[in-house]
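Coordinates in review
Spelled out from the first residue to the last, the chains are:
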Amino acid sequence: MIRKTVTNVTDALAGVQDGMTFMLGGFGLCGIPENAISELVRLGVKDITCISNNAGVDDFGLGLLLHQHQIKKMVSSYVGENDEFERQMLSGELEVELTPQGTLAEKCRAAQAGFPAFFTPAGYGTEVAEGKEVREFDGKMYILEEAFKADFAFVKAWKGDAAGNLIFKGTARNFNPCMCGAATITVAEVEELVPEGELDPNQIHIPGIFVQRIFQGKDYEKRIEQRTVRQK
Amino acid sequence: MLDKNGIAKRIAQEVEDGYYVNLGIGIPTLVANYVRDDISVEFQSENGILGMGPFPIEGEEDADLINAGKQTITALPGASYFDSATSFAMIRGKHVDLTILGAMEVSENGDIANWKIPGKMVKGMGGAMDLVASAENIIVAMMHTNRAGESKLLKRCSLPLTGVGCVKKIVTNLAVLEVTEDGFLLLERAPGVTVEDIKAATEGNLIVKEDILEMNV
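Residues numbered from 1 in each chain as written. Chains lettered and ligands numbered in written order. Predicted model: local features only at pLDDT ≥ 70, side-chain atom pairs only at ≥ 80, totals over all residues. Heavy atoms only, no water.

Named according to an unreviewed UniProt entry, chain B is 3-oxoacid CoA-transferase subunit B originating from Maribacter stanieri. The record held by UniProt for chain B lists under Sequence similarities (unreviewed entry) the comment "Belongs to the 3-oxoacid CoA-transferase subunit B family." (UniProt positions renumbered as here; feature names shortened; annotations may be inferred.)

Looking at an unreviewed UniProt entry, one finds chain A named 3-oxoacid CoA-transferase subunit A, with Maribacter stanieri as its source organism. UniProt, in the comment section headed Sequence similarities (unreviewed entry), describes chain A in these words: "Belongs to the 3-oxoacid CoA-transferase subunit A family."

Dropping the structure here:
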C-alpha cells in the first residue's frame, strides 16, 4: 500500500505559496475543508485564487480568508452571503469569475480526468459565453469551457484511510470528489482516519490514487447556514 | 389572484407520476408541499441528493444534509447522494423530467433572466444556467409583475440572460401561459382575474383564444 498519511495540517499544506490557485470543496458551509482553511489563514498566504462553489460567510469558511485580504480572485457559482465579500468586490479589491455550477463541477472533473476542455450548453447566449468558442451539435448550441488548472485541491471527507481512499457523507460530498486529483496536489482532511483495511473497497467513493496527502482533521464546527425545521 | 402558495399549488398539478423534479429557490420550493400523495415523485437538489424529504424535526438537523438553498433537509427512503458533477450529469443529460424555477423576466420567445441586475450586487447564477440550458420541461414560477408594477412577461428581456429560448410554461399570480412561436399563449386565469387584467400586466405578445378557463386550485 502507498501511504499518504501526514501527521497534521501543517505538513499537509507544505509547499503552499503566495499567488497559487486552490480548489476548495464544499457547498455553502457543508463539507468545507475547515482545517485547511484555518491553516491558510495561519500561514497568511496572499494573492491566492480560490475555486470554490461559494465564498463562505463573514466569520466562517472562506470568509476567514477574505477578512485577511488573502484572496485575489474567486471562481464560484454563487457568492455574496457575506458582507466583506460584497465590499471587496464592489471596491475592486477582489476579482470574481462567476461560473455556472454544473460548468464549475465539470471544469474540476475535466482536470481530474485529463480532458483539456468540453462543450456545454450552459451559458450559451449569455455573458458567460463571451469570448468562448461556440459550436452546434444536433441543432443545439454549446460553448467550449476549459478544465481548471490548480496547484492544490483541499477536500474534506467523512472517512479515509492511509491509502488516501475516501468516503463522503450526505450532501457534504458535493464538489469534494470532483476536485480530488484535479490539482497538482490533493490534500484530504477526514473526520475519521481509519486503520488500513477497515474501509470496504466496495464502498469507497474516491480511490487513493487521486489523493496525495491525507490527515485526521480536528475540531470540526460543521456550521449550519440555514437551520430549517418542522414541528413533530 | 393567487399568492405564492397558490402558484405552487397550481404548478404541483403539472407534476406527474414517475417524475424526477428539480425545484429552485423561493416559490418553487413550496411546490413539494402540494404534490398529490398518490403519485411517486423524487425531488433532486443540485447540491447532491435525489429523494429529498421535508425539513427535519427540531433537534434532528444534520449539518451534512442540506438542499441547494443551504437549508437543513431530510432524505426519504430510496434517496441517494452524489457529487456535483454527477448531479449536473443528471440535469445536462436530461434525466431530470421537470425543472421549476423563479425568474425576474421572461420574454415571449422563452428567454429567461433571473440572476443579475446590473448595478446591484451580483450573487451569481448558481445552477440556473445549467438547468435552463438543458432541461426540456421548464416551468417558471413568478409574480406577473415586479414590485414597481411592471410586467415581467416581456417582448425582450432587459436584464442579462440566464438562458435563451428555454422556458415552455409560466405560472404567475394571474395566469398560466405557454411560450409559443407567436408569444405567450394564455391557458388559464387565476380566480377573480379577468383576461383584461392579464393583458394589462403583460408587455409581451399575449395570445388569447376562445374562452379562458379559471384555474382549478
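1. Side note on helix H4 (residues 83-90) of chain A
Residue and element names in this part refer to chain A. Within the sequence span of H4, burial applies to Glu84, Phe85 and Gln88. For H4, the arc enclosing every buried residue in end-on projection is 100°, short of the 170-degree limit, so these residues lie on one face. Seen from the open side of H4, the exposed residues pointing more than 90 degrees away from its buried face are Asp83 and Leu90. Packing partners of the buried residues in H4 comprise helix H3 (63-67), strand E3 (71-76) and strand E4 (95-98). Two or three places before Glu84, at the opening of H4, Asn82 has a side-chain oxygen 3.3 Å from that residue's backbone nitrogen. Residue Gly92 follows H4 closely and has a positive phi angle near 85°. (Buried < 20%, exposed > 50% of the residue type's maximum accessible area, 1.4 Å probe, protein only. Helix = DSSP H or I, 4+ residues; strand = E, 2+ residues; numbered from the N terminus. Arc of directions from axis to C-beta. Contact = heavy atoms within 4.5 Å. Polar contact = N/O pair within 3.5 Å; in protein donor to acceptor, adjacent residues only side chain to side chain.)

2. Structural notes on the environment of Val167 of chain B
Residues and elements named next belong to chain B. Relative to the assigned elements, Val167 resides in the loop between strand E9 (153-154) and strand E10 (169-171). Judged by relative accessible area, Val167 falls into the buried class, the value being 2%. With 11 residues separating them along the chain, Val167 and Glu178 place their C-alpha atoms 8.6 Å apart. Ignoring any residue separated from it by four or fewer positions in sequence, one finds Val167 in contact with Val106, Gly110, Ile112, Ile138, Val140 and Val179.

3. Thoughts on the pairing of strand E5 (residues 98-101) of chain B
Residues and elements named next belong to chain B. Here E5 shows a buried face lined by Leu98 and Ile100 and a second buried face lined by Thr99 and Leu101. Two strands pair when backbone bridges link them, and strand E1 (residues 20-23) and E5 are joined in this way by 3 bridges, in the parallel orientation. Counted as the bridge partner of Leu23 is Ile100 from E5. Where E5 meets strand E8 (residues 138-141), 3 bridges bridge the pair, whose relative direction is parallel. Bridge assignment links Thr99 to a residue of E8, and that residue is Ile138. (Pairing = 2+ DSSP bridges.)

4. Here we look at the pattern of salt bridges
Taken as a whole and assessed by the stated rule, the structure comprises 25 salt bridges over all chains. A salt bridge links Arg87 of chain A to Glu84 of chain A; its shortest N-O distance comes to 3.2 Å. Of this pair, Arg87 of chain A and Glu84 of chain A both sit in helix H4, 3 residues apart, which is roughly one turn of that helix. Take Glu84 of chain A: its relative accessible area is 12%, and that puts it in the buried class. Through salt bridges that share partners, Lys156, Lys169, Glu191 and Lys222 of chain A together with Asp62 and Asp64 of chain B make up one connected network. (Salt bridge = Lys/Arg side-chain N within 4 Å of Asp/Glu carboxyl O.)

5. Examining the packing of aromatic side chains
All names here are of chain A. Applying the stated criterion across every chain, the model contains 5 aromatic pairs over all chains. Seen in terms of ring centroids, Phe22 and Phe154 are 5.3 Å apart; in terms of plane orientation they differ by 65°. Their pairing is edge-to-face. Linking Phe22 in strand E1 (residues 21-24) with Phe154 in strand E8 (residues 152-161), this pair joins segments that are 132 residues apart in sequence. Here Phe22 falls in the buried class, since its relative accessible area comes to 0%. Members of the aromatic cluster, joined through ring pairs, are Phe22, Phe152 and Phe154. Taking the ring centre of Tyr220 as reference, the NZ or CZ of Lys156 above it sits at 4.8 Å. Taking the ring centre of Trp158 as reference, the NZ or CZ of Lys159 above it sits at 4.5 Å. (Phe/Tyr/Trp six-rings, centres within 6.5 Å; stacked < 30°, edge-to-face > 60°. Lys NZ or Arg CZ within 6 Å of the ring centre and 35° of its normal.)

6. Some thoughts on the sheet that holds strand E6 (residues 134-137) of chain A
Residue and element names in this part refer to chain A. A sheet is described by the order of its strands in space; here 3 strands give the open sequence E5-E7-E6, paired in antiparallel fashion. Looking along the sheet, the strands with just one partner apiece sit at the ends: strand E5 (117-120) and E6. Each strand axis lies, on average, 35° off the axis of its neighbour in the sheet, ignoring direction. In this fold helix H5 (residues 101-113) packs onto E5 and strand E7 (140-146), with an angle of close to 155° to the strand it touches most, E5. (Axes fitted to C-alpha atoms, helices over the stretch in contact; angles between N-to-C directions.)

7. Details of unusual backbone geometry
Residue and element names in this part refer to chain B. Not every positive phi belongs to a glycine, and Lys70 is a case in point at roughly 65°. Tracing the backbone shows Lys70 in the loop between strand E3 (49-53) and strand E4 (74-81). With a relative accessible area of 4%, Lys70 lands in the buried category. Although it is not a glycine, Lys94 sits at a positive phi angle of roughly 60°. Topologically, Lys94 is positioned in the loop between helix H3 (84-92) and E5. Exposure remark for Lys94: the relative accessible area of 35% places this residue in the partly exposed category.

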